[in-house]
Each structure stands twice: as structure tokens, then as C-alpha cells.
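Take a look at the letters that make up each chain.
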Amino acid sequence: MATVRICLCGDEGTGKSSLITSLVKDVFVTNKIQPVLPQITIPPSIGTPENVTTTIVDTSALPQERTNLDKEIRKSNVILLVYSDHYSYERVALWWLPHFRSLGVNVPVVLCANKSDLSTNINTEQVVEDEMLPVMAEFKEIDSCIRTSAREHHNINEVFFLCQKAVTDPIAPLFDSKESCLKPACVSALERVFYLCDKDQDGYLSDKEVYDFQTKCFGKSLQEEDLDNIKQAISKYSASAVTPKGVTQEGFILLNKIFAEKGRHETIWIILRTFHYSNSLSLHSSFLHPKFDVPANISAELSPAGYRFFVDLFLLFDKDNDGGLSPSEFTSLFAATPGLPSTWSDSATDFPSSTIRNEAGFITLQGWLAQWSMTTFFSPKTTLAYLAYLGYDPPDRQTTSALHLTKPRKRNHRGKKLAKTERNVLLAYILGAPGSGKSSLLDAFLSRPFSPTYHPTIKPRTAVNSVELPGGKQCTLILEELGELEPAILENSAKLAAADILVYTYDSSDPESFAYILQLRSQHTYLDQMPSLYIAMKADMDKSTQRGDVQPEEYTSSSGMAKPLHVSVTWGSISEVFVHVAEAALWPGGALPKGMEGEEEVDWVRWWVVGGAVVAVGAAVAGIWKRATRD
């Protein structure tokens, strides 16, 4: 909020102009003041909430000024409604507040009983109880109330401070004064704050966690005596809210309720804003969805900081240390979020079937990290949003530090082959005839038992896991079986470009199986531009000669590519296949047809000739210049 615009309203003679002059001049002006003062602007100062600029607008209640009055009311951020006697007080509820509603104005109202010096026999508590509380109970737009005296300069700064605070720190979203309770949205936000501050997730805020919370939110330490006083205040409301282990979630909510009841709602807002909440009690869009663009031919991956965060999160919620997240542990982990990411439940991902689980069916740390790596690859904005929900909040407050962009794919300096791919997350499309073993390959990738029953794949399906390469390097490999969407995906240039390698599978025991690959590649000739690997599945069965003009080994050899790998998902060595796939994706030059290299050599020669011509021309010019200077 850059500017707070305060509109003073009230009957004639209630002292609106005197309040303004008393604020500006810091003293009561006894001379006659003009009926309506010109607009004034107060620049930001140390004492101003959120260091905002404040504009104060005086108005007249005369009938002939009604148009201008309504115009200023509509432009305001907050209304200071002033009354000074019984008549003007009656008008507050009977005319002014209903009039604001009739204009459709939805801004906070600060109710001000001015000229308190004329009622010396009445104390503030009596005025609040007899006059203000009844009106506040009926009109929820009233944010706060105060007694002032321009003559005695009583509560002048305070009344305008309340107006500023009503805009920067509104009570309405937080507290229901009629029911005397925090509103559900506020409770929900504070529950999430408690969740994030309960670092050990034991259900209590220990003394250390409270001290850390105080430092994070208010930038200063909390004294032990102050902490004891806070605990005592909470205990008065509920004996079970404070235990030897610390403050419970109930106690934390009660503490904030006490702040609201005592008019210290700015304290609640400091807490909520520290945790990136907006005035609507939703997380700021810029926090959930920071700017993070991924250019073409580049992908997003988790940075070391991102990996560390997800590792720590898993270990924190694996309470029984069994290496897997049970359903209850999983529910607890996602308690501060809207639930599982929508991308995890779509037909292709079908979490948790998409990743590694233990024998009990619980997701393992390896599967957890692989799932987030895949999410980041396909939808980095989803990962960024969930990093925010789950409490990733580095010192620079930039959630994008948990991700990084890969280098673009490029050819080597000779232009003959694709250079090594600088990626840790790789995508392989699995293509092949129905029944060729694609689904069994994905199951084997996830260490699932082989099922001899054939189930045709209709919808796309993905499997993600980590692969250890020779030398110990780890990468994440995503295998995607396209199902009936195969033609559409192969014709989608953006989808095809996302893949690092195409894996063609055929049933080595079925003489008709390899023909599907030949037909696919003849229909989509641009597939020659993609790195490819061929796998002969079901090698544990009798090998059949493939019908057609060319056998798989001859086809790959004529293209200058590696011969098909003969494998069976029933063999213990099946895991080696995925190492081959990852290596071919990382070093794609050897997985390209040799015809691609020839095209690149032509380009290289062309640039070599052009470069030589430029050098020759340059030498000629230099020679002419030298002769000219000698002459």
C-alpha cells in the first residue's frame, strides 16, 4: 500500500477541520477555520505504519456538497467518521453508515467521538460501552473507535494512526468482533504458520522454536521473562494450551486471539506478512508463482538447495524411520498445502504408481526425489508453488534458488555430433508395437514384479527413477509410454523436442513386431533427427526372424547405430538397460543416424570456405594498404 487516503465525514460542527489543523500544526487553532480545508498529504515517516504516504481529505455535510462528498467517499481507503454530541451520534447509525453502504463502499470506518473535553463527567469506558459498541456490533465495517479532543490535542496523532492501521493492518479479515473469535481464514493461515515454525513436527512450539519465531517475525530476541508472561496469558484461557513440551497449536491461536481483542492486530499482520500472506489472507502470488521462464531447448532441475530441502522434508516426516512415507506421514507432510499437486494425479503420472515404493507400498526417499525431479522437469511452476507452501524460505526470500536452468543442447565444435547433454534429468519416449513389452519395461524400471497378463496401454504412462552410471554419477530418468496419444505427440514439435531420446521396442519372438517401427519412422521421417536406441524385448523366448526386407541388426548397422539390445524383464540384468538408455541420452552423438553427421560436415566445410575467403580478402587489403603507405 503506497498511499492511505483518509476521508473525514460527519455532520457540520463536529470538529473535522479542527482535527486536521491540530494534527498539522500540533496545536489547537482558536481562529475561525474555513468550512472545508484543502486536501493535505503527509509523507512517509518512521511512525507511519508500513511507511505509507497519507492523504487527508476534509468534506462538508451540506446538501449542496453531497455530490463532492460521495465522490470523495468512493475514492477513500478509510473513512474517519466524526461525531461530537448526541444529535450527531444518532446520525452515525441512522444516516451516515447506511449511506456508506448505499454507495457500495467497502472500506474500513474509524469512529471518532470528538470534543471529549466538553464531556468531563463521562469517562472513555462509558462512551465505548454506551455509544460505540452497540454501533460496532451492528456495522461490521467499523474497524475501531476512539475519543479525541482537538482543543486539548488529545489522541490526535492516535486517531489518524488508527486510520492508517485500518488500511495497512485491517482487523476485518482477522477478527469477528460480534462472535469474539478469529475468522476461519485467519485461523487457517496461523495454523500453517505454526506448522512451519514447529521445526521438529512434534506438535509443540518449544522455547527455542518460540525464540526463533520471535526473531524471524520481529527481528529481535525475546526475553525469558517475556516468554513466561506469554505462557501465563495463554494458560488463563486454556490450561492445556501450554505444556512442558511447549505451546500447542491451540495456544498459538489463543495468543493471536488475545492480540486481536486488545487491538494489537498489527502484531498478527506482522506475523502473517513474514510468512508471505496478503490482506486477503492468501499467499502472495509473487511468492507462489515467481517469475521463472524456461527458454526452448533448456529444462529446469532442482538445485542442490532444492534437493536438500526435499531430503530434509522427507526425513522430518518419516517419523518411524522405516525409509518410506506412510499414508498418515504423507498427509502430515502436505498439511500446509492445498493437497497433492494436480499434475501428480493426472492419467500419465498416476502418483504414486509413477515412482519407487517399498514393499509396503510407501514412497521411498529415492522415489520422493525422483517424483519432484520429474515435476520440476515438466512443470517447474508447480514445484515453485509447493516449495512456498511447504516452507522453503531462504534468506533472500527467493524460492527460485531451489531450481536452476540447464545448459541448452548443442553440437560440438566440429558440428559433427551432438555434444554431451548437460542435464541430470532425462526424458525417454518408449515407442513400439502393441504387446512389444513397453509396459513391462516401465514396471521393471520401478522394480515391480513381471505380470504375464497383457493389458493394452490406452492413456500415457510415466515412470521415474534414479540411475547410477559408471563412475558413480547419478541421473534421473523419465520413461514415458505414449499410449493412444503416440501419433499426436510425435506430430507435436514441442513435445518431441522435450525428449532426450527415443527408445524403440519390439518383441523379438514376434515376426511382425519390428515392422511397426519401420512404418513409424517412414511416416515421421524427422524422427531421424532424434537420438534413438533399439531394444529387442522378450529375449528369454525363442527369437523369430522379422518379416520384411531388412532385419533389425541390419537396419541399425546400415544407419551407423548400435545394434538392438536383447533383454528380458525376467532377467536380473534388466537394470543395465536403463544405464544404456541414460548414457545414450547423455551422449546422443552415437545414437544418431550417420546421415545426420554428413549434413553437419557440409555446413562445417561451408563455414570453413567462407572463413578462408574472409582471411584472404583481409590479407589482400592489408597488402594494398602497405603499398599505398610506401608510395
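The model shown is predicted, which means the values in this text are computed figures rather than measured ones. (Residues numbered from 1 in each chain as written. Predicted model: local features only at pLDDT ≥ 70, side-chain atom pairs only at ≥ 80, totals over all residues. Heavy atoms only, no water.)

Judged by nonpolar contacts, the single largest core of 69 residues is most densely connected at Leu182, Val193, Leu272, Phe310 and Trp368. In terms of residue count, helix 6 (residues 184–197) provides more of this core than any other element does, 9 residues in total. Beyond its immediate chain neighbours, meaning those up to four positions away, leucine 272 contacts Leu174, Ala189, Leu190, Val193, Tyr277 and Leu281. Membership of the second largest hydrophobic core comes to 33 residues, among which are Ile356, Val467, Leu479 and Ile501. (Core = buried A, V, L, I, M, F, W, Y, C linked by side-chain atoms within 4.5 Å. Buried < 20%, exposed > 50% of the residue type's maximum accessible area, 1.4 Å probe, protein only. Helix = DSSP H or I, 4+ residues; strand = E, 2+ residues; numbered from the N terminus. Contact = heavy atoms within 4.5 Å.)

What follows covers a negative patch on the surface. There is a patch of like negative charges on the surface, built from Glu224, Glu225, Asp226 and Asp228. Counting through the fold element by element, glutamate 224 comes out in helix 8 (residues 224–237). Residue glutamate 224 is classed as exposed on the basis of its relative accessible area, which comes to 57%. (Patch = residues over 30% accessible without salt bridge, like charges linked within 9 Å, V, L, I, M, F, W, Y side chains within 5 Å. Areas by Shrake-Rupley, 256 points an atom, 1.4 Å probe, with all protein chains shown as cover. Salt bridge = Lys/Arg side-chain N within 4 Å of Asp/Glu carboxyl O. Lys, Arg positive; Asp, Glu negative; His and termini not counted. Charge placed at Lys NZ, Arg CZ, Asp CG, Glu CD.)

Our focus in this paragraph is the UniProt feature "domain: EF-hand" (unreviewed entry) in the chain. The UniProt record annotates "domain: EF-hand" (unreviewed entry) at residues 305–340. Along residues 305–340, the helical share is 56% and the strand share 6%, with 22 Å between the first and last C-alpha atoms. (UniProt positions renumbered as here; feature names shortened; annotations may be inferred.)

What follows covers the sheet that holds strand 10 (residues 242–243). Whenever strands of a sheet pair, they do so through backbone hydrogen bonds, lying parallel or antiparallel. Spatially, the 3 strands line up as an open sheet ordered 9-11-10, and their pairing is antiparallel. The two strands at the open ends of the sheet, each matched to only one other strand, are strand 9 (204–205) and strand 10. Note: strand 10 against strand 11 (residues 246–248), 2 bridges, orientation antiparallel. The residue of strand 11 that forms the bridge with threonine 243 is glycine 246. (Pairing = 2+ DSSP bridges.)

All chains considered together, the criterion is met by 19 salt bridges. Ionic pairing is found between lysine 291 and aspartate 293, a salt bridge with its closest N-O pair at 2.8 Å. Classification of lysine 291 by relative accessible area gives exposed; the value is 71%.

Counting along an α-helix, one turn takes 3.6 residues, and residues three or four places apart therefore face a common direction. Between its first and last C-alpha, helix 9 (residues 249–261) extends 19 Å over 13 residues, near the 18 Å set by a 1.5 Å rise per residue. Of all the 13 residues making up helix 9, 10 are buried; the element is thus mostly covered by neighbouring parts of the structure. Taken together, the buried positions of helix 9 are occupied by Gly251, Phe252, Ile253, Leu254, Leu255, Asn256, Lys257, Ile258, Phe259 and Ala260. Phi for glycine 263, located one or two positions after helix 9, is positive at around 75°. (Expected span 1.5 Å × (residues − 1).)

Here we come to unusual backbone geometry. Residue proline 352 follows phenylalanine 351 across a cis peptide bond; omega there is 5°. For proline 352, the location among the structural elements is in the loop between helix 13 (327–333) and strand 14 (363–364). A positive phi angle, near 55°, is found at serine 180, a position not held by glycine. Considering the arrangement of structural elements, one finds serine 180 in the loop between strand 7 (175–176) and strand 8 (181–182). Overall, serine 180 belongs to the partly exposed group, its relative accessible area being 33%. You will see that leucine 281, though not glycine, has its phi angle at about 65°, which is positive.

Here we take up the packing of aromatic side chains. Enumeration over the complete set of coordinates arrives at 30 aromatic pairs. Geometrically, the ring pair formed by phenylalanine 330 and phenylalanine 334 is tilted, given 5.1 Å between the ring centres and 35° between the ring planes. For the residue pair phenylalanine 330 and phenylalanine 334, the accessibility class agrees, reading buried in each case. Taken together, the ring pairs in this structure connect Phe309, Phe310, Phe314, Phe330, Phe334, Trp344, Phe351, Trp368, Trp372, Tyr386, Tyr389 and Tyr392 into an aromatic cluster. (Phe/Tyr/Trp six-rings, centres within 6.5 Å; stacked < 30°, edge-to-face > 60°.)

Turning to the pairing of strand 16 (residues 425–432), a few remarks are in order. When you tally the buried positions in strand 16, you get 8 out of 8 residues, the bulk of the element. Side chains of strand 16 alternate between two faces, with Val425, Leu427, Tyr429 and Leu431 and Leu426, Ala428, Ile430 and Gly432 buried alike. Strand direction decides the pairing type here: strand 16 and strand 18 (residues 474–481), joined by 6 bridges, are parallel. Residue pairing for strand 18: valine 425 is matched across the bridge by threonine 476. Direction of pairing for strand 16 relative to strand 19 (residues 501–507): parallel, over a ladder of 5 bridges. Each bridged residue has a counterpart across the sheet, and for tyrosine 429 the counterpart in strand 19 is leucine 502.

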